[in-house]
Amino acid sequence: MKIVRADVIVTCPGRNFVTLKIVTDDGVHGLGDATLNGRELAVAAYLKDHVCPLLIGRDPHRIEDIWQYLYKGAYWRRGPVTMSAIAAVDTALWDIKAKVAGLPLYQLLGGASRETVMVYSHATGRDLAEALDVYGQHVDLGYKAVRIQCGVPGMRSTYGVSKDGEAYEPAKAGLPEEQYWSTEKYLDFVPRLFEGVRARYGFDTHLLHDCHHRLTPIEAARLGKAIEPYRLYWMEDPTPAENQQSFELIRRHTVTPLAVGEVFNSIFDCKQLIEAQLIDYIRATVVHAGGITHLRRIFDFAALHNVRSGSHGASDLSPVCMGAALHLDLAIPNFGVQEFMGYPAEALEVFPHAWRFDRGTMHPGEAPGHGVDIDEKLAARFPYRPAYLPVARLDDGTLCNW
Ligand code: GCO
Ligand code: MG
């Protein structure tokens, strides 16, 4: 079997997605997600100009060898652009292998370790009352795990909360939106949010929250300690993880579980965090962390240290990534939870999929491969739209982490 084509499809059905389609001489095709929110065209060009020509004529079954060829062969290792491109190739090859075997991908990964995959949704409110109401709506929908984000009194904007109360959409057309941040206001307010959830809904649902890299380690330690009575499932990205050692400081002060890794792209980004058990959940994903092959490696390493998976699944990761992720989630022994924000209706039409959703749980389906395809004619009707993630500034104008 040989690869005869490799095409990059860029489409914007509600938001931008980059998809790699690999076709074999037997006419089997596989898809991989290559979307890097706000920097999409860099990965598209990396694939088109530097990777696709290398794939033609290769045996698609040699997944590990092709992975190593693209990783070691580039000389310039790691980084989100390179690793998202490698991920797209890897995911498409696993899709092909499973289709040729006539099996859903999870069977090739060792088979199902559970019946369904628990997913968490996003409850977002502009103020406390709205956030608590929306949390309740998600509980009523059957979600067993819900992330809550809320507008902070005295702050005009914050991560995860759109001004109009519409579904949260981080990438906006035009130049990056400038948001404002005050750690003092946030830390004064946010424990009341969790107190409100537990007072109104009790402890039956898993409660999650994303700090989005905004605190210093000691601020994160203070928050984690203060919110221990509300027993969060996790506190996400409390501080930037470039310096993995900073998590030691947080750990010294609190038993609130920590989840990190949506911006990671290799096992080396989380090696120390995992080895030293400085985190509880690793949030790396199929698309940004080198595909099924590399993410499996990360998860297996995490399993040795009692760290569970909690893959990023925001709507800027395409339905192709979601499909592939669900197979891995179903198969690995140390699965924790999968993020699932849902998708715009047009995106679900462009990407026909075999996965099923049922009251807060998902299943990848039984279609051979990862079960997600693309309707290329429909995709062509949604051309790329430049869009950027926001940036954040302190009161005095200093740029801070968004
Ligand atoms: C999450 C993430 C996202 C990211 C987004 C960036 O936990 O879902 O933090 O909201 O900000 O995916 O593109
Ligand atoms: Mg996050």
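If you're wondering where the values come from, they're calculated on a predicted model, not measured in any experiment.

Caption draft 1: The arrangement of the sheet that holds strand β18 (residues 399–400) in detail. As summarised here, the arrangement of the 3 strands in space is β7-β17-β18, forming an open sheet in which the pairing is mixed. Of all the strands in the sheet, the pair left with one neighbour each is β7 (178–180) and β18. Judged from the 3 bridges that link them, β7 and strand β17 (residues 391–393) form a sheet pairing that is parallel. Bridge pairing links glutamate 178 to valine 391 in β17.

Caption draft 2: Here's a closer look at the sheet that holds strand β3 (residues 29–33). Here 3 strands make up an open sheet; going across it, the order is β1-β2-β3 and the pairing antiparallel. Edge strands, defined here as strands with exactly one partner in the open sheet, are β1 (3–11) and β3. Averaged over all pairs of adjacent strands, the angle between their axes in this sheet comes to 20 degrees, without regard to strand direction. Across 8 bridges, the pairing between β1 and strand β2 (residues 17–24) is antiparallel. When the sheet's bridge partners are listed, isoleucine 3 is paired in β2 with threonine 24. Running over the sheet, helix α3 (residues 80–101) touches β2 and β3 and is turned about 145 degrees from β3.

Caption draft 3: Geometry of the pairing of strand β5 (residues 145–150). Summarising burial for β5: 6 of the 6 residues are buried, a large majority. Examined bridge by bridge, strand β4 (residues 117–125) and β5 share 6 bridges and lie parallel to one another. Along β5, the bridge assignment pairs histidine 122 with arginine 147. Both β5 and strand β8 (residues 206–210) contribute to a ladder of 3 bridges, which runs parallel. Paired with arginine 147 across the strands is leucine 208, a residue of β8.

Caption draft 4: Expanded view of the confidence of the model for the protein. A residue-level look at the protein finds 99% of positions with pLDDT of 70 or above and a mean pLDDT of 96. Confidence estimates for the predicted assembly give a pTM of 0.97 and an ipTM of 0.99.

Rules of the game
Residues numbered from 1 in each chain as written. Chains lettered and ligands numbered in written order. Predicted model: local features only at pLDDT ≥ 70, side-chain atom pairs only at ≥ 80, totals over all residues. Pairing = 2+ DSSP bridges. Helix = DSSP H or I, 4+ residues; strand = E, 2+ residues; numbered from the N terminus. Axes fitted to C-alpha atoms, helices over the stretch in contact; angles between N-to-C directions. Contact = placed C-beta atoms within 7 Å. Buried ≥ 20, exposed ≤ 12 C-beta atoms within 10 Å, placed from the backbone. pLDDT = per-residue confidence, 0-100.

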